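Listed below, chain by chain, are the residues.
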Amino acid sequence: MGNDDAGVMQKIVSLSKRRGFIFQSSEIYGGMNGCWDYGPLGVELKRNVKELWWSDMVTKHDDVSVLDGAIEPFEMTGLDCTILMHPQVWKCSGHHDLFHDMMIDCRETKRRYRHEQVRGRWARAKESRIFVTVISDPEQEQELLTARAQKFFGLRAKERDQIQWDGPIVSLVEIDDFSEVLGPDAKEIATLTEPREFNLMFKTSVGALRSDDNTVYLRPETAQGIFLNFKNVVDSSRVRIPFGIAQIGKSFRNEITPRNFTFRVREFEQMELEFFCHPDSSQEWYRYWRDRRLQWYQDLGLSGEHLRLREHDASELSHYSTGTADIEYAFPFLPEGEFGELEGVAHRGDFDLRSHMEGKLDPSTYPLEVQKGDDGKPLWKGSGKDLSYRDPVTNERFMPHVIEPSAGVDRAALAFLCEAYTEDMAPDEKGQMQGRVVLRFHPRIAPIKAAVLPLVKKDGMPEFARDIYKDLKREFPVFYDLKGAIGRRYRRMDEAGTPFCITIDGETLSDETVTLRERDSMKQIRMSVSEATQAIREAIQT
RNA sequence: GCGGGUGUAGCUUAGUGGUAAAGCACCAGCCUUCCAAGCUGGCUAUGUGGGUUCGAUUCCCAUCACCCGCUCCA
């Protein structure tokens, strides 16, 4: 699907509800902002996404061959850790600091700023004194402040020297009373609200009584649990670096503005891999995983111009990261030419393991150093446990570097749904062309793999069909439907994205052949039951 | 969090200060041998809470949700 039709997203949302892919959470109570439920078809779609990822990553991983693009064989394992973790985890990971921004709003311009990013200086002119603020690079700060002050006081350019400056440029954090503050984009003073805390991590408490002492957080990502268990996995499973630990699970972020159906939500599911490798080969592994993850989406049908890989440029990268790429999809709800992130593949160096070992590292330092508080002590203490790795063959001890492909299950499912949504034309029983809605899922993604349909409800056809249905159901999701006109049943299956229909007719009863109808082409081929079954099996396994 | 818009059946829409209309879908039955509209019958709705009023789905207020723009996007 393209984003040429602005209404296509509405149609997808409507279809999702009508056919049971996705419902608004708590709908009968009026809905819950940023929460969505998966219905009977949606849950199968989502399970397919997760199972295809898990089998590709873990269960079907070939750990004895050198895979295309890899430098050596490697092992892959899985993990399932808790959503609630020790509060120190989020302090050392950096989420605690980053997720507790103090924000201020401007009542005049409706803009929002991070409290500490607003900087300014006291200025005096025409017998009044205000605190002028800007958001700017340090080099341009004074120039912008002068321009803003000049405009506020109504001075001409050559009258600039009438402005008297009091004290140095300081953060707005130093100012208690905003009644004489000129906001960064405001024309009048006193338009800024008091700083308000935005809790981007959900808090809860352990034990019956709620207090500051027992506050814990719902995890905002699954990745940290993998780092915490790195040593456990190494000690218990005989894996050797390079190897990966994969995990699928729910995460929670208190998004300020949930938006765009299931794209930005407060409760979501992640598929994350932490791949541990030697620092010397980390760049090659980064490229390997970046390319392999892109290929995964392409193999499942997200090929073409709607999918792209975008390498972050240096200014976007964290100081400790030597590479990050986003795999992005052009969702229909986005403006033309814009893409939304499906997955981020990041080279994270040794930031995470060292942070959990030594204490939270300061991301702005190079080489990385433990972040210090005002008292000169570590801001957040690490576990003190040795998380370095000793190679049992070379005896070399080192901190592994980490490549992190982190994907959103809900976003992937939504992308597959959007990509699949197609409107085309099909003939009715009189040969007149009629509009048709079809979800062209890859057979591996499709919630239902095949429908078994008796052509008419008599002459033993339903009985024959039921036997086939029961057989197939042991292998993969199948649907049985004997009601109504055959064309209507085909269209229903098209709308659910079912790739194949097996139809039992009069001929079946004499020679045990059926017709296999393919969803996209609507072509039918007569073959034996076992040939039809095998054809479906192969399409699912491709 | 701000501004604008929307909210009627499962879906798409109509309409009204006085019994809420239709198409599709769905269910039951009949008919049907390959691509949705054959026949009969049936189910289902004014997001939630207040207010004005004899009476509110309609007018007003609040709230919730969704969409668009800003903001945010670790």
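Owing to the predicted nature of the structure, the values given are computational and were not obtained by experimental measurement.

Section: the overall build of chain A
Move 1: Tallying secondary structure elements over chain A gives 14 helices and 29 strands in all.
Move 2: Counting every position in chain A, which comprises 542 residues, the buried fraction comes to 51%.
Move 3: Sequence separation of 24 or more characterises 64% of the internal contacts of chain A that already satisfy a separation of 6 or more.
Move 4: Total accessible area on chain A stands at roughly 26800 Å², and carbon and sulfur atoms take up 48% of it.

Here's the deal with the layout of surface pockets
Move 1: For the second largest pocket, the calculated volume is near 660 Å³.
Move 2: Lining the second largest pocket are 21 residues, with L52, S55, K60, R444 and I540 positioned closest to its centre.
Move 3: Breaking the lining of the second largest pocket down by element, the ones donating at least two residues are α2 (40–59), α8 (282–299) and α14 (529–541).
Move 4: Counting residues per element, the lining of the second largest pocket draws most heavily on α2, at seven residues.

Topic: the pairing of strand β28 (residues 513–518)
Move 1: Counting buried positions along β28 gives five out of six residues, so the element sits mostly inside the fold.
Move 2: In this sheet, β28 lies alongside strand β27 (residues 500–504) in antiparallel orientation, the contact comprising four bridges. Within β28, the position partnered with T503 by the bridge is T515.
Move 3: Judged from the five bridges that link them, β28 and strand β29 (residues 524–528) form a sheet pairing that is antiparallel. If you follow T513 over to β29, its bridge partner there is S528.
Move 4: Here β28 hands over to β29 after five residues, with M522 in that stretch at a positive phi of 60 degrees.

So, the protein's contact with RNA strand B
Move 1: Contacts to RNA strand B come from 49 residues, most closely from R253, R264, P427, D428 and Q434.
Move 2: Near the protein, meaning within 4 Å, the atoms of RNA strand B are sugar or phosphate in a fraction of 56%, with bases accounting for the rest.
Move 3: A distance of 2.8 Å separates a phosphate oxygen of RNA strand B from a polar atom in the side chain of R488.
Move 4: Residue T515 places a side-chain N or O atom 3.4 Å away from a base nitrogen belonging to RNA strand B.
Move 5: For the surface near RNA strand B, the secondary-structure elements that each account for two or more residues are α1 (8–19), β5 (112–114), β24 (433–439), α12 (486–496) and β28.
Move 6: Sort the elements by how many residues they give to the surface near RNA strand B and α12 lands first, with six residues.
Move 7: Taken together, the residues of the surface near RNA strand B break down into 13 nonpolar, 15 polar and 21 charged.

Description of the pairing of strand β14 (residues 267–277)
Move 1: With ten of eleven residues buried, β14 lies mostly within the body of the structure.
Move 2: Bridging between strand β13 (residues 243–252) and β14 involves ten bridges; their strand directions are antiparallel. Bridge pairing links G244 to F275 in β14.

A short note on unusual backbone geometry
Move 1: Here I241 and P242 are connected by a cis peptide whose omega angle stands at 5 degrees.
Move 2: The peptide bond linking Y366 to P367 adopts the cis configuration, its omega dihedral lying at -5 degrees.
Move 3: If you trace the backbone, P367 turns up in the loop between β18 (361–362) and β19 (369–370).
Move 4: Unlike most non-glycine residues, E127 shows phi in positive territory, near 60 degrees.
Move 5: When you line up the elements, E127 lands in the loop between β6 (119–125) and β7 (128–134).
Move 6: Residue E127 is classed as exposed on the basis of its relative accessible area, which comes to 85%.

Some remarks on the packing of α1 against α12
Move 1: Relative orientation of the contacting elements α1 and α12 amounts to 120 degrees, with a least axis distance of 11 Å. When the axes of α1 and α12 are compared, the crossing they make is left-handed. On α12, the residues that touch L15, R18 and R19 of α1 are R492, E495 and A496.
Move 2: Looking at the contact of α1 with α12 residue by residue, the classes come out as two nonpolar, no polar and four charged.

Quick look at the sheet that holds β29
Move 1: Ordered in space as β26-β25-β27-β28-β29, the five strands form an open sheet in which the pairing is mixed. Here the strands that pair on one side only, and so sit at the sheet edges, are β26 (478–480) and β29. The sheet shows a mean angle of 25 degrees between the axes of neighbouring strands, direction not considered.
Move 2: Sitting on the sheet, α12 is in contact with β25 (450–454), β26, β27, β28 and β29, with an inclination near 170 degrees to β25.
Move 3: Along the sheet, α14 contacts β25, β27, β28 and β29; its crossing angle with β29, the most-contacted strand, is approximately 115 degrees.

With respect to the nonpolar core
A general tendency of soluble globular proteins is for nonpolar side chains to be buried together.
Move 1: The biggest cluster of nonpolar side chains holds 61 residues, and the ones touching the most others in it are W289, Y297 and F331.
Move 2: Ranked by the residues each element gives to this core, the list is headed by helix α10 (residues 409–420), at nine residues.
Move 3: Among the nonpolar cores identified, the runner-up in size contains 25 residues, and L79, V234, F243 and L387 belong to it.

Some details on the sheet that holds strand β8 (residues 164–171)
Move 1: A sheet is described by the order of its strands in space; here four strands give the open sequence β8-β6-β7-β9, paired in mixed fashion. Across the chains shown, the open sheet's two edge strands, defined by having one partner strand only, are β8 and β9 (181–182).
Move 2: Taken strand by strand, helix α5 (residues 141–153) contacts β6, β7, β8 and β9, and its axis lies near 135 degrees from that of β7.

Points about the pattern of salt bridges
When the charged atoms of two side chains lie near each other, side chains of opposite charge can form a pair.
Move 1: Across all of its chains, the model carries 36 salt bridges by this definition.
Move 2: K11 is paired through a salt bridge with E423; the nearest N and O atoms lie 3.0 Å apart. Placement of K11 in helix α1 and of E423 in strand β23 (residues 421–427) is noted, with a sequence separation of 412 residues between them.
Move 3: The class of K11 is partly exposed, set by a relative accessible area of 34%.
Move 4: Overall, the relative accessible area of 42% leaves E423 in the partly exposed class.
Move 5: One salt bridge connects D391 with R240, and the closest N-O pair in it is separated by 3.5 Å. In this pair, D391 sits in the loop between β20 (389–390) and β21 (397–398) while R240 sits in the loop between α7 (230–237) and β13, placing the two residues 151 residues apart along the sequence.
Move 6: With a relative accessible area of 10%, D391 lands in the buried category.
Move 7: With a relative accessible area of 36%, R240 lands in the partly exposed category.
Move 8: Among the charged side chains, a network of salt bridges with common partners joins K46, K50, E269 and D410.

Criteria and thresholds
- Residues numbered from 1 in each chain as written.
- Chains lettered and ligands numbered in written order.
- Predicted model: local features only at pLDDT ≥ 70, side-chain atom pairs only at ≥ 80, totals over all residues.
- Heavy atoms only, no water.
- Helix = DSSP H or I, 4+ residues; strand = E, 2+ residues; numbered from the N terminus.
- Buried < 20%, exposed > 50% of the residue type's maximum accessible area, 1.4 Å probe, protein only.
- Contact = heavy atoms within 4.5 Å.
- Areas by Shrake-Rupley, 256 points an atom, 1.4 Å probe, with all protein chains shown as cover.
- 1 Å grid on protein atoms, 1.4 Å probe; cavity = no way out; pocket = protein on both sides within 12 Å on 5 of 7 lines; lining within 4 Å.
- Points joined across faces, edges and corners; volume = space filled by probe spheres on them.
- Pairing = 2+ DSSP bridges.
- Near = heavy atom within 4 Å.
- Polar contact = N/O pair within 3.5 Å; in protein donor to acceptor, adjacent residues only side chain to side chain.
- Nonpolar A, V, L, I, M, F, W, Y, C, P; charged D, E, K, R; others polar.
- Axes fitted to C-alpha atoms, helices over the stretch in contact; angles between N-to-C directions.
- Left-handed = near helix turned anticlockwise from the far one by under 90°.
- Core = buried A, V, L, I, M, F, W, Y, C linked by side-chain atoms within 4.5 Å.
- Salt bridge = Lys/Arg side-chain N within 4 Å of Asp/Glu carboxyl O.

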